[in-house]
Amino acid sequence: KMRFGEDLDMSMRIKASGFKAGLIKDAFVYHKRRTDFRKFFKQVYNSGIARINLYKRHPDTLKAVHFAPALFVCLLILSLTSLIFGFWFFAGLVIIYFIAVFLDAFIRYKSLKIAILSMEAVLVQHLAYGTGFIISFWKRIILKQPEFVAYKKNFYK
């Protein structure tokens, strides 16, 4: 019944049933990629929600790395709030991170356009996953609400 994270849930249930998983190098898996950042936001936001839904079903699967986008959202809020009071430290951390993203993309692809779009993609990805994760954590873990997804009716729009 999972709409997002269903592939991971199935893998975990297969392993829990005693079967082994392996890599088939010549197998291809196709995922629909979103064609603009608004659609990408919706997809990744639901991935953040799905991570907590997976945790509720398979508690040993939640790792520290899954909290990183949520921490980014908190750092971004902290940096914007601290700027109001003239404190630049946290904003500086965010700026350094985006400079690193820009430089990595520019060096790899030798394209100014790709480097700029990379920063936008990273921002959308972290904000979407992080906010989905935080909201799901609040609803599912703190408030003990049932599974949910967002953008059900307009996911593909």
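Just above sits the structure.
Residues numbered from 1 in each chain as written. Predicted model: local features only at pLDDT ≥ 70, side-chain atom pairs only at ≥ 80, totals over all residues. Heavy atoms only, no water.

Participant: It is not clear to me how the layout of surface pockets should be interpreted in this structure. Could you clarify?
Facilitator: Taking a probe equal in size to a water molecule and rolling it over the atoms shows the remaining empty space. Considering only enclosed or pocket space, the largest pocket measures out at about 640 Å³ in volume. In terms of lining residues, the largest pocket is bounded by 22 residues, among which Phe4, Gly5, His31, Gln43 and Ser47 are the most central. At the level of elements, α1 (6-16), α2 (37-57) and α5 (112-142) are the ones that each hand at least two residues to the lining of the largest pocket. Residue contributions to the lining of the largest pocket peak at 8 residues, all from α2. Of the residues assigned to the lining of the largest pocket, the class counts are 9 nonpolar, 6 polar and 7 charged. In this structure, the second largest pocket encloses a volume near 200 Å³. Residue lining of the second largest pocket: Ala21, Gly22, Leu23, Ile24, Ala27 and Val29, and that is the complete set. Across the lining of the second largest pocket, the residue classes tally to 5 nonpolar, 1 polar and no charged. (1 Å grid on protein atoms, 1.4 Å probe; cavity = no way out; pocket = protein on both sides within 12 Å on 5 of 7 lines; lining within 4 Å. Points joined across faces, edges and corners; volume = space filled by probe spheres on them. Helix = DSSP H or I, 4+ residues; strand = E, 2+ residues; numbered from the N terminus. Nonpolar A, V, L, I, M, F, W, Y, C, P; charged D, E, K, R; others polar.)

Participant: Explain the pattern of salt bridges here, please?
Facilitator: Any two side chains of opposite charge can pair if their charged atoms end up close together. Per the stated rule, a full pass over the model turns up 5 salt bridges. Between Asp9 and Arg13 there is a salt bridge, with its nearest N and O atoms 3.0 Å apart. Here Arg13 and Asp9 lie together in helix α1, a separation of 4 residues that amounts to about one turn. Across the pair Arg108 and Asp104 runs a salt bridge whose closest N-O atoms are separated by 3.1 Å. You can see Arg108 and its partner Asp104 sitting in helix α4 (residues 89-109), 4 residues apart, about one turn around the helix. Judged by its relative accessible area of 57%, Arg108 falls in the exposed class. You can call Asp104 partly exposed: its relative accessible area is 39%. (Salt bridge = Lys/Arg side-chain N within 4 Å of Asp/Glu carboxyl O. Buried < 20%, exposed > 50% of the residue type's maximum accessible area, 1.4 Å probe, protein only.)

Participant: Teacher, can you tell me more about unusual backbone geometry here?
Facilitator: Peptide bonds are trans in most cases, and residues, glycine excluded, mostly fall at negative phi. Even without glycine at this site, Lys110 takes up a positive phi of about 50°. With respect to the helices, strands and loops of the structure, Lys110 is situated in the loop between α4 and α5. The backbone phi angle of Lys144 is positive, close to 60°, even though this residue is not glycine. Here Lys144 is to be found in the segment after α5.

Participant: Is there a simple way to explain the packing of α1 against α2 in this structure?
Facilitator: One can describe the packing of α1 onto α2 by two numbers: an axis separation of 10 Å at closest approach and a directional angle of 20°. One way to sum up the angle between α1 and α2 is to call them roughly parallel. As α1 runs across α2, the sense of the crossing is right-handed. Where α1 approaches α2, its residues Leu8, Asp9 and Met12 are matched on the opposing element by Arg51, Leu54 and Arg57. (Axes fitted to C-alpha atoms, helices over the stretch in contact; angles between N-to-C directions. Parallel < 35°, antiparallel > 145°, perpendicular 65-115°, else oblique. Left-handed = near helix turned anticlockwise from the far one by under 90°. Contact = heavy atoms within 4.5 Å.)

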